[in-house]
Structure formats: structure tokens, C-alpha cells
Amino acid sequence: MAIQMHDIEKSFGTRATKVLHGITGEIQSGEMVSITGRSGSGKSTLLYIISTLDRPSAGDVTIDGVRFSAMNSKQLHGFRNTKMGFVFQFHHLLPELTALENVLMPTLKTRSSKTRRAFALELLREFDLSDKADRLPAQLSGGEQQRVAIARALVMQPRYVFADEPTGNLDSANGQLVMNLFRRINHERQTTIIYVTHDQDFAAMASRKIQLVDGKLI
Ligand SMILES: Nc1ncnc2c1ncn2[C@@H]1O[C@H](COP(=O)(O)OP(=O)(O)OP(=O)(O)O)[C@@H](O)[C@H]1O
Ligand SMILES: [Mg+2]
């Protein structure tokens, strides 16, 4: 089980500015990989491509032996919903739903809310949020909101979690807490974690570091 990147290129716009210049590599299932690089070096672009949220201009991505480009949109949605979890810098919680309801959002599509509810509560307990399950996002601190967003990314027990600057909006204590959670999930559940960060200490917590320079891997 792995994610394979085959000579990925990405260009944007009519004047075709090339952002990624032929990225090739492999991320094994169970790895914890950090992606670093200067602003504009293509980190988010690469993360979105390897997580199926965007398509490369050339090259291909294979995940668990299946080529993205060969999947139709139904297959892609099924894949995203059951095998992948996403965490972003801004948590994108739905303001009118409670913490628990937000965590259960991904279960609606597969109609598994009932069966996943106990697990969602267990995640909230693991993340020290047991007493806040019924609160709305506005009634939670930034760090608590991000922990809810991570619980949401994990509720389907995905094989892969993709995170774009998950600590970018947090103070250092909450950032550390979130990174410790990621490491625990990686250790205890063998979940593959791929995250972008600007923080060198957080990058060093990975089992492998990838650095992007001008759209190339080093
Ligand atoms: N949709 C788009 N249209 C045009 N250009 C884009 C688009 N998305 C990204 N770019 C450009 O591609 C380059 C890489 O962007 P990307 O968001 O991947 O950088 P990044 O490494 O994540 O930077 P940051 O650390 O600031 O988040 C940038 O020059 C950006 O302006
Ligand atoms: Mg970015």
C-alpha cells in the first residue's frame, strides 16, 4: 500500500506558469511525512494533487495500486470518503452543528452515523473534548476547533490523512498538541499522515521529510 507520484507536473493559467516540475516519489502506507518549503514553492499544490483534490497537468498519481486518472468521479468520491481524511489550516467546521455533529459529517454520505457515533465520542474523549461534544464551534477555542476537525478527518478510519498547515493558525502549545495527536494516530493506528508545515520542529516529528524547492523535490 502506497502513494506513488509519477513525474507530476502542474501549471496554472493561460500563460502556463509551471509550479511543479516533474515530481516522482513514493509514500509508503504507515509513514508520517512532512512537506516543507518556502511560500509559493508548491506544497499545497502537491498535497492537493496527491490527495485527489486537484489533477496534475502531466504525470500521474497511483494510490494503493489504482491510478487516479483511471477513476470516474463516483469512484473518486468513494475513495475520498472512506480512505482519506483532510485537515486544513482553517478548520471549516459547520457553525450550526455541534462538535459531535461536525465529527459525524463524513458518515452521512455512507449513512453510517449511527454505527460511528460511539467511535466519534471515543475520538472526542481521546482529544480531551468529552465535555464539549454538544458545543457549537463558536463556543470552542481555536485549538479545540482544530482538534474537532482532526476527529472529523479520522471518523471514517481512513488509511491516509492529508493536512495543509494544520497548526498554522494555532499558538505553539496547541500546535504541539495537534502534532502529538498526529504522531499518536500514526503510531497507534498506522494511519499514513502527510502534512505541510512551516515549523521546523514540527517537520522534524515526521518519519521522513520532503522539501520542495521551486517545484522540485529534494
Ligand atoms: N489556482 C491557481 N491559479 C494560479 N496560480 C496558482 C493557483 N494555485 C497556486 N498557484 C501558484 O502556484 C504557486 C505554488 O502555490 P502553492 O499554494 O502550492 O504554494 P505553497 O508552497 O503552498 O505556499 P504557502 O507556503 O504560501 O502556502 C504559487 O506561485 C501560486 O501563486
Ligand atoms: Mg500552501
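Residues numbered from 1 in each chain as written. Chains lettered and ligands numbered in written order. Predicted model: local features only at pLDDT ≥ 70, side-chain atom pairs only at ≥ 80, totals over all residues. Heavy atoms only, no water.

Turning our attention to helix H4 (residues 113-126). Here H4 spans 19 Å end to end across 14 residues, near enough to the 20 Å set by a 1.5 Å rise per residue. Along H4, the positions that sit buried rather than exposed are Arg116, Phe119, Ala120, Leu123 and Leu124. Residues of H4 that are buried make contact with helix H3 (99-108), helix H5 (142-154) and helix H6 (172-189). (Helix = DSSP H or I, 4+ residues; strand = E, 2+ residues; numbered from the N terminus. Expected span 1.5 Å × (residues − 1). Buried < 20%, exposed > 50% of the residue type's maximum accessible area, 1.4 Å probe, protein only. Contact = heavy atoms within 4.5 Å.)

Summarising the model, the protein chain shows a mean pLDDT of 93, and 100% of its residues fall at 70 or more. Predicted confidence in the protein chain is weakest over strand S10 (residues 216-217), with a mean pLDDT of 88, and strongest over strand S3 (residues 32-36), with 98. (pLDDT = per-residue confidence, 0-100.)

Turning our attention to the site of ligand 1. Surveying the vicinity of ligand 1 reveals the residues Phe12, Val19, Arg38, Ser39, Gly40, Ser41, Gly42, Lys43, Ser44, Thr45, Glu165 and His198. The separation between an oxygen atom of ligand 1 and a polar side-chain atom of Ser44 is 2.9 Å. A distance of 2.5 Å separates an oxygen atom of ligand 1 from a polar atom in the side chain of Thr45. Contact with the protein chains hides 55% of the accessible area of ligand 1, taken as 640 Å² for the molecule alone. Of the residues forming the shell around ligand 1, the biggest block, three residues, is contributed by helix H1 (residues 43-50). A per-class count over the shell around ligand 1 returns two nonpolar, seven polar and three charged. (Near = heavy atom within 4 Å. Polar contact = N/O pair within 3.5 Å; in protein donor to acceptor, adjacent residues only side chain to side chain. Areas by Shrake-Rupley, 256 points an atom, 1.4 Å probe, with all protein chains shown as cover. Nonpolar A, V, L, I, M, F, W, Y, C, P; charged D, E, K, R; others polar.)

Turning next to the layout of surface pockets. One number sums up the size of the largest pocket: a volume of about 480 Å³. Taken together, 18 residues line the largest pocket, and the ones lying closest to its centre are Arg80, Asn81, Phe86, Pro106 and Lys109. Contributions of two or more residues to the lining of the largest pocket are made by helix H2 (73-83), strand S6 (84-87), H3 and H5. It is H2 that provides the largest number of residues to the lining of the largest pocket, a total of four residues. Residue composition of the lining of the largest pocket, grouped by class: eight nonpolar, seven polar and three charged. (1 Å grid on protein atoms, 1.4 Å probe; cavity = no way out; pocket = protein on both sides within 12 Å on 5 of 7 lines; lining within 4 Å. Points joined across faces, edges and corners; volume = space filled by probe spheres on them.)

With that settled, consider the packing of H3 against H5. Viewed as axis vectors pointing N to C, H3 and H5 meet at an angle of 30°, and their least axial separation amounts to 7 Å. Classified by the angle their axes make, H3 and H5 are roughly parallel. As for how H3 packs across H5, the hand of that crossing is right-handed. Facing Ala99, Asn102, Val103, Met105 and Pro106 of H3, the residues of H5 in contact are Val148, Ala151 and Arg152. Of the residues in the contact of H3 with H5, the class split is six nonpolar, one polar and one charged. (Axes fitted to C-alpha atoms, helices over the stretch in contact; angles between N-to-C directions. Parallel < 35°, antiparallel > 145°, perpendicular 65-115°, else oblique. Left-handed = near helix turned anticlockwise from the far one by under 90°.)

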